[in-house]
Amino acid sequence: MKPGYSLMKHYLQFKDLRAEEYAYLFERARIIKRRFKNYERYQPLADRTLAMIFEKASTRTRVSFEAGMYQMGGSVVHLTTGDSQLGRAEPIEDSARVISRMVDLVMIRTFEQSKLEAFAAHSRVPVINGLTNEYHPCQILADIFTFIEHRGAIGGKIVAWVGDGNNMANTWLQAAHILGFTLHVSTPRGYEIDPQLVGDAIACLKTFKDPHDACEGAHLVTTDVWTSMGFEAENAARQAAFADWCVDTAMMQRARPDALFMHCLPAHRGEEVTAEVIDGPQSVVWDEAENRMHVQKALMEYLLLGRIG
Ligand code: CP
Ligand code: NVA
């Protein structure tokens, strides 16, 4: 048995950690980021190995986990459906049993959350959600850290979500419940958040028919692609349904004058956001992308070593 095994935690949904654990992680991310910027070597994960399993495409998630693990002294194994037995129908439970005997930590990007949960249930080591159809907790971890860097605590604030009631929207709502802020959501009819995926967090949700109204008084306006990975067959219908859900200057003007704009990326300028907004002064999308690495380093440190000091 590995040291700390009995205390093993997975990170499958945002609600898997408590508010005080998030406060700790954001502080660790701040310290880890400062060390990185100062070129200070920090390698607490020497000899540890992270397996990354991708069943969907990625740029940020792969680079941030891979670079982050190497910077912390560890190493990485990268697997995809196409180049492993995962694509040839080896049961997920068997893959979990085998992979988790050889590595210390596993990050998975896949389709159904149930697949991630099945892997975690048969894993000897912590499992991190690198995006599923239902949730994207590492992204919201980075987004909230970015908000804190720019504007301070997020508790009591208003976040406006304009667009699809997707994995990002579900995760924002879980975060609102844990960290005490309100989520304004405007989606086209038929693309609402599924209440079954968010549980008690539904109490933090305010819905708006008109996306401009959702932005009223917001401290942060955020959106995402109209068609998420795995839903490509719906693309034509979505292009029509989402035409009015493009974050533009008029929407940003309904938010607070100091409102930030975020997008998890990749973005489609002219669809879910105008170039003027995403490339404009309120946008913090590049900080948001970079911060994926810093927060995930803090998360990996926490899952493998517990609290430092
Ligand atoms: N935001 C995000 O998860 O990006 P990738 O799909 O590039 O990993
Ligand atoms: N909602 C998007 C996020 C991509 C990072 C998707 O699931 O494709």
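Before any of the text, the structure's been laid out above.
Sequence order as written defines the numbering, with residues in each chain counted from 1. Naming scheme: in the order in which they are written, chains are lettered from A and ligands are numbered from 1. Only residues with pLDDT of at least 70 get local features here, since the model is predicted, and only at 80 or more are side-chain atom pairs given and counted; chain-wide, interface and lining totals rely on the full set of residues. With hydrogens and water stripped out, all remaining heavy atoms of the structure feed into the side-chain values.

## Structural notes on the pattern of salt bridges
Here comes step 1: Salt bridge, as used here: a side-chain nitrogen of Lys or Arg that lies within 4 Å of a carboxyl oxygen of Asp or Glu. Under the definition given, this model contains 19 salt bridges.
Here comes step 2: Linking R18 and E20 is a salt bridge whose minimum nitrogen-to-oxygen distance equals 2.5 Å.
Here comes step 3: Close ionic contact of E66 with R62 constitutes a salt bridge, the shortest N to O distance being 2.9 Å. Residue E66 and its partner R62 are both found in helix α2 (residues 60–71); the two are separated by four residues, about one turn of the helix.
Here comes step 4: Throughout this description, buried means an accessible area under 20% of the type-specific maximum (1.4 Å probe, protein chains only), exposed means over 50%, and partly exposed covers the range between. On the basis of relative accessibility, which here comes to 19%, the residue E66 falls in the buried class. Secondary structure counts use DSSP, requiring at least four H or I residues in a row for a helix and at least two E residues in a row for a strand, with both numbered from the N terminus.

## Details of the site of ligand 1
Here comes step 1: Proximity criterion: a residue is near a molecule or strand once any of its heavy atoms comes within 4 Å of it. All residues adjacent to ligand 1 are S58, T59, R60, T61, R109, H136, Q139, C264, L265 and R292.
Here comes step 2: Polar contacts here mean pairs of N or O atoms no more than 3.5 Å apart (in protein, one a potential hydrogen donor and the other a potential acceptor; neighbouring residues in sequence count only if both atoms are side-chain atoms). One of the backbone nitrogen or oxygen atoms of T59 is found 2.7 Å away from an oxygen atom of ligand 1.
Here comes step 3: In the model, a nitrogen atom of ligand 1 is placed 2.9 Å from a nitrogen or oxygen of the C264 main chain.
Here comes step 4: Side-chain classes are defined by residue name, with Ala, Val, Leu, Ile, Met, Phe, Trp, Tyr, Cys and Pro counting as nonpolar, Asp, Glu, Lys and Arg as charged, and the others, Gly among them, as polar. Its residues assigned to classes, the shell around ligand 1 comprises two nonpolar, five polar and three charged.

## As for the site of ligand 2
Here comes step 1: Near ligand 2, the surroundings consist of L131, N166, N167, D224, V225, S228, M229, C264 and L265.
Here comes step 2: Within the side chain of D224, an N or O atom sits 2.6 Å from a nitrogen atom of ligand 2.
Here comes step 3: M229 has a polar backbone atom sitting 2.8 Å from an oxygen atom of ligand 2.
Here comes step 4: Each accessible area is a Shrake-Rupley result for a 1.4 Å probe, and residues are judged covered by the shown protein chains and nothing else. Considering ligand 2 on its own, with 270 Å² of exposed area, one finds that the protein chains cover 94% of that surface.
Here comes step 5: Of the residues belonging to the shell around ligand 2, the class tally is five nonpolar, three polar and one charged.

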